[in-house]
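Per-entry structural report
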Amino acid sequence: MELKEDFMVFSGTANLPLAEKVAAYLGKPLNKIDIKHFPDGETFCQVQEGVRGKDVFVIQSGSPSPNDAYMELFVIMDALKRGSAERITAVLPYYGYARQDRKDQPRVPITARLIANLLECAGADRVLTMDLHANQIQGFFDIPLDHLKAEPVILKYIRDQHFTKPIIVSPDTGGAKTAYSYSRKLGTGLAIVAKQRTGDSTVDAFSVVGDVNGCDVIMVDDMTATGGTLSAAAKLCREYGAKSVHAFVSHFPLTAKGEERLMNETQLDELVVTDSIPLREGFDLTKLPFKLTQLSVAPLIGEAIKRIHNDASVNDLFNIE
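The structure reproduced in this document is the subject of the present report. (Residues numbered from 1 in each chain as written. Predicted model: local features only at pLDDT ≥ 70, side-chain atom pairs only at ≥ 80, totals over all residues. Heavy atoms only, no water.)

**Things to note about the layout of surface pockets**
Roughly 370 Å³ of internal volume is contained in the second largest pocket. As for the second largest pocket, its lining consists of 21 residues, of which Ser 63, Pro 64, Ser 65, Pro 66 and Pro 253 are closest to the centre. Considering only residue class, the lining of the second largest pocket consists of 12 nonpolar, six polar and three charged. (1 Å grid on protein atoms, 1.4 Å probe; cavity = no way out; pocket = protein on both sides within 12 Å on 5 of 7 lines; lining within 4 Å. Points joined across faces, edges and corners; volume = space filled by probe spheres on them. Nonpolar A, V, L, I, M, F, W, Y, C, P; charged D, E, K, R; others polar.)

Below is the structure:
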């Protein structure tokens, strides 16, 4: 698809490697912006190219350090708006605060909605994001939102592995719909792990609905931060006779607790993640007891940017046989 010329792509500092890959897919370097963080923590930016009348895309993941990442994005968009950009699209490969999407206790915020309000106030005319933790977050916006899925990238990798006896497993009941979609496209069986969360980072998995005995288990989830759900589900699948366990997650905002658990407790054979979030700084891949694979979603995001700019269908990206 040919691109009209009146568009620009900027990036914050949260995930520059991904932004550079997206720009390379689009066949142009990132446009220039100077971002500074003063000693007292304030963020400053200066857009170093004229944006008047331009269709502008700003790439910024909501992790690591979501507070800093979002503030940086708000400041950038305000500068672009004051520079008379015609349209500003906030490109969020990972939507930070997505897990705070409902009021399930007294006197707690719905922070995912707050972030939506702040994005609009800061100048976003539309939002492009990927694999939201809950689909209802789309309804928090009063501006257009394009919701990508890492599914095409992950499906291609799974098919290339030629598993002998694959079965799709959802590590919890909340991911059953996503797991069902994968099982239909791959033509495999489906199983679901029943779990109970016992703390912020601890999970008790107690049953598997479906037969995983002798199977190559393919677990799919939108994200893992502490590794609790994946580790508990992998252990249970092993107990039920799984031959191998491979986990696929779109987002990998790994915490220190998660790193420790992956190093010492998990029974995975492989963990496959995307580059929507950069790998945790200092994370030593050589010490992992399993294979870690990182897939790039840059072509997916780049193609979506092309289609948005050209007013073409984004949904066509997911017409997968």
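Right, picking up where we left off after that structure.
**Topic: the packing of helix 4 (residues 151-161) against helix 5 (residues 176-186)**
Running from N to C, helix 4 and helix 5 point in directions that differ by 50°, and their axes come no closer than 11 Å. When the axis of helix 4 is compared with that of helix 5, the two are oblique. The chirality of how helix 4 crosses helix 5 is right-handed. On the side of helix 4, the interface is formed by Glu 151, Ile 154, Leu 155, Ile 158 and Arg 159, while helix 5 contributes Ser 181, Tyr 182, Lys 185 and Leu 186. For the contact of helix 4 with helix 5, a count of residues per class yields five nonpolar, one polar and three charged. (Axes fitted to C-alpha atoms, helices over the stretch in contact; angles between N-to-C directions. Helix = DSSP H or I, 4+ residues; strand = E, 2+ residues; numbered from the N terminus. Parallel < 35°, antiparallel > 145°, perpendicular 65-115°, else oblique. Left-handed = near helix turned anticlockwise from the far one by under 90°. Contact = heavy atoms within 4.5 Å.)

**A closer look at the sheet that holds strand 5 (residues 87-92)**
Across the sheet, which stays open at both edges, the five strands sit in the order 1-4-5-6-7 with parallel pairing between neighbours. A strand with exactly one partner marks an edge of an open sheet, and here the two such strands are strand 1 (7-11) and strand 7 (145-148). Strand-to-strand twist in this sheet, taken as the mean axis angle between neighbours without regard to direction, amounts to 15°. The sheet contact formed by strand 5 and strand 6 (residues 126-130) spans four bridges and is parallel. Counterpart to Thr 89 in the pairing with strand 6 is Arg 126. The strands touched by helix 1 (residues 16-26) within the sheet are strand 1 and strand 4 (55-59), with strand 1 carrying the most contacts at an inclination of about 160°. Across the sheet, helix 8 (residues 298-309) lies against strand 1, strand 4, strand 5, strand 6 and strand 7, angled at about 155° from strand 6, the strand it touches most. (Pairing = 2+ DSSP bridges.)

**Focus on helix 3 (residues 111-122)**
For helix 3, spanning 12 residues, the distance from its first C-alpha to its last is 16 Å, which sits close to the expected 16 Å at 1.5 Å a residue. Within the span of helix 3, buried status applies to Thr 111, Ala 112, Ile 115, Ala 116, Leu 119 and Ala 122. Looking straight down helix 3, one finds that the buried residues subtend no more than 155° of arc, so they occupy a single side. Turning to helix 3, the residues buried within the fold contact helix 2 (66-82), strand 5 and strand 6. Two residues or fewer past helix 3, Gly 123 is found with a positive phi of approximately 125°. (Expected span 1.5 Å × (residues − 1). Buried < 20%, exposed > 50% of the residue type's maximum accessible area, 1.4 Å probe, protein only. Arc of directions from axis to C-beta.)

**Some points on the nonpolar core**
Val 22, Leu 128, Leu 148, Ile 158, Phe 248, Ile 301 and Ile 305 are the most contacted members of the largest nonpolar core, which has 37 residues in total. Among the elements of the structure, strand 1, helix 1, strand 4, strand 6, helix 4, helix 5, strand 11 (216-223) and helix 8 are those that each provide at least two residues to this core. Per-element tally for this core: the top contributor is helix 8, with six residues. Those residues within four positions of Leu 128 in sequence are excluded, and the remaining contacts are Thr 89, Ala 90, Val 91, Leu 92, Asp 146, Leu 148, Ile 301, Ala 304, Ile 305 and Ile 308. One finds Ile 35, Leu 73, Ala 134 and Phe 140 within the second-largest nonpolar core, a separate group that totals 36 residues. (Core = buried A, V, L, I, M, F, W, Y, C linked by side-chain atoms within 4.5 Å.)

**Description of the packing of helix 2 against helix 3**
For the pair helix 2 and helix 3, the least separation of the axes is 8 Å and the interaxial angle reads 25°. The orientation of helix 2 relative to helix 3 falls into the category roughly parallel. Residues Tyr 70, Leu 73, Phe 74, Met 77, Asp 78 and Lys 81 of helix 2 pack against Ile 115, Leu 118, Leu 119, Cys 121 and Ala 122 of helix 3. Of the residues belonging to the contact of helix 2 with helix 3, the class tally is nine nonpolar, no polar and two charged.

**A closer look at the side chain of Thr 224**
Within the secondary structure, Thr 224 sits in the loop between strand 11 and helix 6 (228-239). At a separation of 3.2 Å, a polar atom in the side chain of Thr 224 contacts the main-chain amide nitrogen of Gly 227. Every residue in contact with Thr 224, bar those within four places of it in the chain, is listed here: Leu 230, Val 249, His 251, Phe 252, Pro 253 and Leu 254. (Polar contact = N/O pair within 3.5 Å; in protein donor to acceptor, adjacent residues only side chain to side chain.)

**Things to note about the pairing of strand 7**
Taken residue by residue, a regular strand's side chains alternate between the two faces of the sheet. Residues Leu 145 and His 147 line one face of strand 7 and the alternating positions Asp 146 and Leu 148 line the opposite face, and both faces are buried. As paired strands, strand 6 and strand 7 are joined by four bridges and run parallel to one another. Residue pairing for strand 7: Val 127 is matched across the bridge by Leu 145.

**Re the state of the cysteines**
In the structure shown here, the tally under the stated rule is zero disulfides. Here Cys 45 is not cross-linked by a disulfide; its sulfur's nearest cysteine counterpart is in Cys 121, at 18 Å. When its relative accessible area of 10% is taken as the criterion, Cys 45 is described as buried. (Disulfide = S-S within 2.5 Å.)

**Points about the pattern of salt bridges**
A side chain of one charge can pair with a side chain of the opposite charge when the charged atoms of the two come close. Applying the stated criterion across every chain, the model contains 14 salt bridges. For Glu 270, the salt bridge is made with Lys 291, and the minimal N-O distance between the two is 3.9 Å. Of the two residues, Glu 270 sits in strand 13 (residues 270-274) while Lys 291 sits in strand 14 (residues 291-295), which places them 21 residues apart along the sequence. Given the relative accessible area of 47%, Lys 291 is considered partly exposed. (Salt bridge = Lys/Arg side-chain N within 4 Å of Asp/Glu carboxyl O.)

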